[in-house]
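The lines below spell out each chain.
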Amino acid sequence: MPLMVVTVFLGGWEFTVHHMDIPRSLLPAPSYVYERMRTTFSPLMTNAWPTTLETMVSFLIATVGGVVLALALTSSTLMNASFYPIVVFFQLIPKIALAPLFVVWMGIGSTTRIEFAAFMAFFPVVISTMAGLRATPGDALRLCQGLTATPWQVFFLVRLPYAVPYIFSGMKIAITLAMIGVIVAEFISAERGLGYLIVFASSQADTALILAAILILCAIGLVLYGLVALGEWLAMRRYC
Amino acid sequence: MTAKAKHLDLWQVSKTYQSAQGPVEAVSDVTLSIEEGDFVSILGPSGCGKSTLMMMLAGLESITDGVVVERGRQVTGPREDVGLIFQDATLLPWLSVLDNVLFPVKILKKPRNEYLRRAHDLLAMVGLSKFENHRPSQLSGGMRQRVSICRALILDPPLLMMDEPFSALDAITRDEMNLALLDIWQKNPKTGVFITHSIREAVLLSDRVLVMGGRPSKVVCDIKIPFGRPRPDDIAESPEFNKLCGELKQYIQSGHKRTEDVST
Ligand SMILES: Nc1ncnc2c1ncn2[C@@H]1O[C@H](COP(=O)(O)OP(=O)(O)OP(=O)(O)O)[C@@H](O)[C@H]1O
Ligand SMILES: [Mg+2]
């Protein structure tokens, strides 16, 4: 069904563009976008790679950092009382507005983009992991206590596995936010990447190239999300 | 078997919880000894502090006042040689039945291979050999509780404490579990502390029954069960058994009468 809708939509688009003589710079026909994608395939790919890589790296940083901070915040009431409100604050503000600041402070390199994207993706991981770490049944903790388990054992053998579904729901949000973070940083730093290509194409009024880049971004986004979902499926089979 | 060694000595043990509504005195001034190898049941109305008392003995709850001594050493926290069974089986859902039974072995970093055999034997004893590789979610409530019994026994602790282990089970499964427990004690006697709401269960399993009650809660009654071991399966139908249950029921209802020793 969705396939049919898409086909009808693309067909309608193609037809309207040709029929009404809309200029290419305003709205190119799907066939022309495809054409443009083929002719510029190599620059598209050279720019797709850094975007993908930076998204993955920032996602990994956000995930590991988020889980570690969540552990620290749930391990002591003092830590929790002092830092949790700050985490919630950052979760609520539109972090994207801080992107130019990152560029001002840290330059236009790849590290800046990774840091900004990790910053975007970090907070949902912290918050959902904290919820997960708090979800361990009290009975299970008492069992460990009765066996004189060390805090590390309790964390790795009991609390972390119980938190797995929560962590993955945070990670699924994080992968999308990491990608948004990288693209926005590419818009601003204008060095390389698909975000940069989009900005560049728009300065040339090359709408077909913009659409081609967006199409590739969508594909990358879907694949990355799919990988996280696959990881979730494997972990759930192992831990639930 | 006259003067048995003391396993647990409680001296003026009290517990006061600090809650938002002010202090709650859950257990007050309990002094008693539990002898090596005795199976002791604790009965009493809901909220009278049975779980609190057991948690203090297990070292999982601080003792506000008084002293608990286990085999000559003061209890200050949890010890690895105490088996604990709770009302819920508390199995880890991602581990197989076998791995759940071996969980204490893992926590205490003992060699898994040495305990594998014992785990198989324990699971066979409770009739779960075929389910070793199942997940807890694939078992019934009674089966899960049997797994948790095996887990508590895997390190062969000299002291086993159970807080209403069978109260979530149906009557028939419960009877089966009682017989299984009798069997375990028959084969390998150890000291047992058993909390229950069922008078018949307490009398069937125990060498001694304590009744808690009053406000703040104390031990109001301490009865020896005069049946030897092994106990015949039909002991619960005998007149002496029923008479004892009737007496206990009265003590629980009156909540204060203190009996020194019924067996003499
Ligand atoms: N953590 C706690 N904080 C404050 N009060 C508590 C706490 N735990 C128990 N209490 C109080 O202590 C008293 C005894 O509780 P406990 O759980 O030991 O009773 P119990 O005899 O095990 O009851 P039940 O048969 O229902 O399990 C109760 O009045 C309860 O309200
Ligand atoms: Mg209780």
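Note that the coordinates shown come from a computational prediction; the quantities given were computed from them, not determined experimentally. (Residues numbered from 1 in each chain as written. Chains lettered and ligands numbered in written order. Predicted model: local features only at pLDDT ≥ 70, side-chain atom pairs only at ≥ 80, totals over all residues. Heavy atoms only, no water.)

Student: Help me understand the site of ligand 1, please; the structure alone is not making it clear to me.
Tutor: Residue and element names in this part refer to chain B. The immediate surroundings of ligand 1 are formed by Y17, A26, S46, G47, C48, G49, K50, S51, T52, E164 and H197. Between ligand 1 and G47 there is a distance of 2.8 Å, counted from an oxygen atom to a backbone nitrogen or oxygen. For ligand 1, an oxygen atom lies 2.6 Å from a polar atom in the side chain of S51. Relative to its free-state accessible area of 640 Å², ligand 1 is covered by the protein chains to the extent of 64%. Per-element accounting of the shell around ligand 1 gives the leading share, 3 residues, to helix 1 (residues 50-58). Partitioning the shell around ligand 1 into residue classes produces 3 nonpolar, 6 polar and 2 charged. (Near = heavy atom within 4 Å. Polar contact = N/O pair within 3.5 Å; in protein donor to acceptor, adjacent residues only side chain to side chain. Areas by Shrake-Rupley, 256 points an atom, 1.4 Å probe, with all protein chains shown as cover. Helix = DSSP H or I, 4+ residues; strand = E, 2+ residues; numbered from the N terminus. Nonpolar A, V, L, I, M, F, W, Y, C, P; charged D, E, K, R; others polar.)

Student: Would you mind showing me how to read the environment of P189 of chain B here?
Tutor: Residues and elements named next belong to chain B. As for its placement among the helices and strands, P189 is situated in the loop between helix 6 (171-187) and strand 8 (191-195). Classification of P189 as exposed rests on a relative accessible area of 56%. Separated by 149 residues in sequence, P189 and V40 place their C-alpha atoms 12 Å apart. (Buried < 20%, exposed > 50% of the residue type's maximum accessible area, 1.4 Å probe, protein only.)

Student: What am I meant to see in the pairing of strand 6 (residues 82-85) of chain B here?
Tutor: Looking along a regular strand, one sees side chains alternate from face to face of the sheet. Residues and elements named next belong to chain B. Of the two faces of strand 6, both are covered, the one formed by V82 and L84 as well as the one formed by G83 and I85. Where strand 6 and strand 7 (residues 159-163) come together, 4 bridges link them in parallel fashion. Bridge pairing links I85 to M162 in strand 7. (Pairing = 2+ DSSP bridges.)

Student: Explain the packing of helix 5 (residues 99-106) of chain A against helix 6 (residues 110-134) of chain A here, please?
Tutor: How two helices pack is summed up by the angle between their axes together with the distance between the axes. Residue and element names in this part refer to chain A. Where helix 5 meets helix 6, the axes come as close as 10 Å, and the angle between the chain directions of the two elements is 145°. Pair helix 5 / helix 6 crosses with right-handed handedness. On helix 6, the residues touching A99, F102, V103 and M106 of helix 5 are T112, E115, F116 and F119. Of the residues contributing to the contact of helix 5 with helix 6, the split by class is 6 nonpolar, 1 polar and 1 charged. (Axes fitted to C-alpha atoms, helices over the stretch in contact; angles between N-to-C directions. Left-handed = near helix turned anticlockwise from the far one by under 90°. Contact = heavy atoms within 4.5 Å.)

Student: Which parts of the structure should I look at to understand the pattern of salt bridges?
Tutor: Pairing between side chains of opposite charge can happen when their charged atoms approach one another. Residues and elements named next belong to chain B. Throughout the structure, instances matching the rule amount to 21 salt bridges over all chains. E70 is paired through a salt bridge with R79; the nearest N and O atoms lie 2.9 Å apart. The exposure classification of E70 matches that of R79, with both residues buried. Ionic pairing is found between R229 and D207, a salt bridge with its closest N-O pair at 3.3 Å. Here R229, found in the loop between strand 10 (218-224) and helix 8 (239-254), pairs with D207, found in the loop between helix 7 (199-205) and strand 9 (208-213); they are 22 residues apart in sequence, far enough to count as distant. Judged by its relative accessible area of 16%, D207 falls in the buried class. (Salt bridge = Lys/Arg side-chain N within 4 Å of Asp/Glu carboxyl O.)

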